Amino acid sequence: TAMYEAKRAGRARWVLFDDSMHERVVRALEVEGDLRRALKEDELFVVYQPVVDLADRCLVGVEALVRWRHPQRGLVPPGEFIAIAEESGLIDALGAFVLETACRQFVQWQQRLGAAGPKQLAVNMSRAQLQRNGLVEDVRAVLQANGMTPAHLQLEVTESLAAQDERVQTTLRELKALGVRLALDDFGTGYSSLACLHQMPVDTVKVDRSFVKHAETVEYHRVLIEATIRVARTMGMTTVAEGIETEGQAELMRTLTCDRGQGYLFARPLEAAELERWAAAQAQHRPAALAA
Ligand code: C2E
Ligand code: MG
Ligand code: MG
Ligand code: MG
């Protein structure tokens with residue numbers, strides 16, 4: 001064991017680490033340094049996963065997801081660096097990069113794809129971003145710079161985030177006032193309950209993949225999804241099922257009257273050019289739905 005200075009939430013304190021923690025700390029510092037460089041050297045990019053209408057499978061929106069093309073390690077998933085970006089303060093730069101890139105891309109698609117393109121853009125927001133002063137102004141500026149309609153942007157926040165923090169609540173209300181839409185991400189995994197849903201200023205509820213995964217086999221999961229959808233509908237919210245991988249899951253979620261779906265069954269997260277081809281091809285096969 002060794003002693004390290006652990007800095008968290010601005011407070012420094014001395015704690016004992018065992019060896020595996022030592023490795024984790026060293027690794028986190030490595031990643032942090034790497035990430036700092038990545039932001040400068042354009043190693044980060046954004047992929048877009050289609051969100052479809054479960055009734056007709058037509059494209060309704062896309063979710064922007066960040067990726068890191070590391071010169072040595074290859075493609076690094078966000079699960080391996082978002083938390084480190086948050087703890088090191090790099091999340092602001094990362095978040096701004098994703099928001100700007102995705103909004104610019106979305107407006108370009110509107111011009112190039114018209115009715116075949118996505119009608120909504122979802123961007124993930126982390127706690128640190130929502131707690132910072134000036135986020136609302138930044139969002140307003142990005143929308144204005146790109147001539148993007150605020151209602152076309154949907155910011156995704158997690159349950160625990162939307163529920164607890166006063167500061168976050170205020171920011172969310174300001175974003176709503178701006179006309180931006182809000183979605184509750186990963187619903188079912190946090191600590192709040194269905195009873196809290198009506199207090200949240202969100203337009204959309206995304207049912208977490210872990211519930212969708214077992215919806216066909218675990219009754220409790222299916223019942224929870226059903227209840228979530230009913231409560232959300234009562235509140236006038238749109239529902240999205242995350243992580244749909246099979247026809248069976250898509251069909252069940254549709255039967256449970258979930259509005260939208262997202263998952264590998266429909267499409268994986270795609271690079272911008274691929275998304276454009278996917279959307280164009282899909283529209284060609286569904287001219288009737290487009291005309292409606
Ligand atoms: P999320 O917002 O819940 O995003 C959905 C995740 O599920 C994505 O993982 C997506 O690739 C994955 N996924 C979609 N369909 C399926 C499926 O059918 N099966 C399975 N197994 N997975 C599916 P990804 O891209 O690795 O992102 C993980 C998380 O990292 C995201 O979860 C989000 O919380 C966070 N994240 C990603 N990009 C950003 C970003 O730009 N900013 C922030 N703050 N967080 C981000
Ligand atoms: Mg999300
Ligand atoms: Mg999610
Ligand atoms: Mg999720």
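Note that this is a predicted model, so its numbers are computed, not measured.

(A) Seen up close, the coordination of the magnesium ion (ligand 2). Bound to the magnesium ion (ligand 2) on the protein side are E63 (OE), N124 (OD1), E156 (OE) and D185 (OD), at distances that span 2.0 to 2.2 Å. Donor residues for the magnesium ion (ligand 2), ordered by position in the chain, follow E-x60-N-x31-E-x28-D. Here the magnesium ion (ligand 3) and the magnesium ion (ligand 2) are spaced 3.6 Å from one another, each receiving a donor from D185. Remark: N124 occurs in strand β6 (residues 120-124) and E63 occurs in strand β4 (residues 59-70); sequence separation between them is 61 residues. Classification of E63 as buried rests on a relative accessible area of 4%. N124 sits in the partly exposed class, given a relative accessible area of 29%.

(B) Up close: the nonpolar core. Formed by 59 residues in total, the largest nonpolar core has its most connected members in L121, V123, V139, L153 and L155. Sort the elements by how many residues they give to this core and helix α3 (residues 91-113) lands first, with 10 residues. For L121, the contacting residues outside a window of four places in its chain are Y48, V62, A64, A102, C103, F106, M148, H152, L153 and Q154. Grouped together as the second largest cluster of nonpolar side chains are 16 residues, V207, L252, L256 and C258 included.

(C) Main features of the site of ligand 1. As a matter of local geometry, ligand 1 sits amid 22 residues, with R67, N124, D185, E245 and Y264 nearest to it. In this structure, an oxygen atom belonging to ligand 1 sits 2.8 Å away from a side-chain N or O atom of N124. Contact between ligand 1 and E245: a nitrogen atom at 2.5 Å from a side-chain N or O atom of the residue. Taking a 2 Å distance to the grid points as the criterion, the majority of the atoms of ligand 1 fall inside the largest pocket.

(D) Broad picture of the pairing of strand β3 (residues 44-53). Counting buried positions along β3 yields 9 of 10 residues, so the element is predominantly enclosed. Pairing geometry for β3 and β4, over 9 bridges, is antiparallel. Looking at the pairing, L44 lines up with W68 of β4. Between β3 and the antiparallel strand that follows it, β4, lie 5 residues; R57 among them carries a positive phi value of about 65°.

(E) Spatial organisation of the layout of surface pockets. Taken as a whole, the largest pocket encloses approximately 1,000 Å³ of empty space. For the lining of the largest pocket, the leading source of residues is β4, giving 5 residues. Taken together, the residues of the lining of the largest pocket sort by class into 16 nonpolar, 12 polar and 13 charged.

Definitions and limits used
Residues numbered from 1 in each chain as written. Chains lettered and ligands numbered in written order. Predicted model: local features only at pLDDT ≥ 70, side-chain atom pairs only at ≥ 80, totals over all residues. Heavy atoms only, no water. Donors = N, O, S within 2.8 Å, 3.2 Å for Na, K, Ca; no water. Helix = DSSP H or I, 4+ residues; strand = E, 2+ residues; numbered from the N terminus. Buried < 20%, exposed > 50% of the residue type's maximum accessible area, 1.4 Å probe, protein only. Core = buried A, V, L, I, M, F, W, Y, C linked by side-chain atoms within 4.5 Å. Contact = heavy atoms within 4.5 Å. Near = heavy atom within 4 Å. Polar contact = N/O pair within 3.5 Å; in protein donor to acceptor, adjacent residues only side chain to side chain. 1 Å grid on protein atoms, 1.4 Å probe; cavity = no way out; pocket = protein on both sides within 12 Å on 5 of 7 lines; lining within 4 Å. Sits in = over half its atoms within 2 Å of the grid points. Pairing = 2+ DSSP bridges. Points joined across faces, edges and corners; volume = space filled by probe spheres on them. Nonpolar A, V, L, I, M, F, W, Y, C, P; charged D, E, K, R; others polar.

Interpretation note: all reported values are geometric properties and have no functional meaning in isolation.
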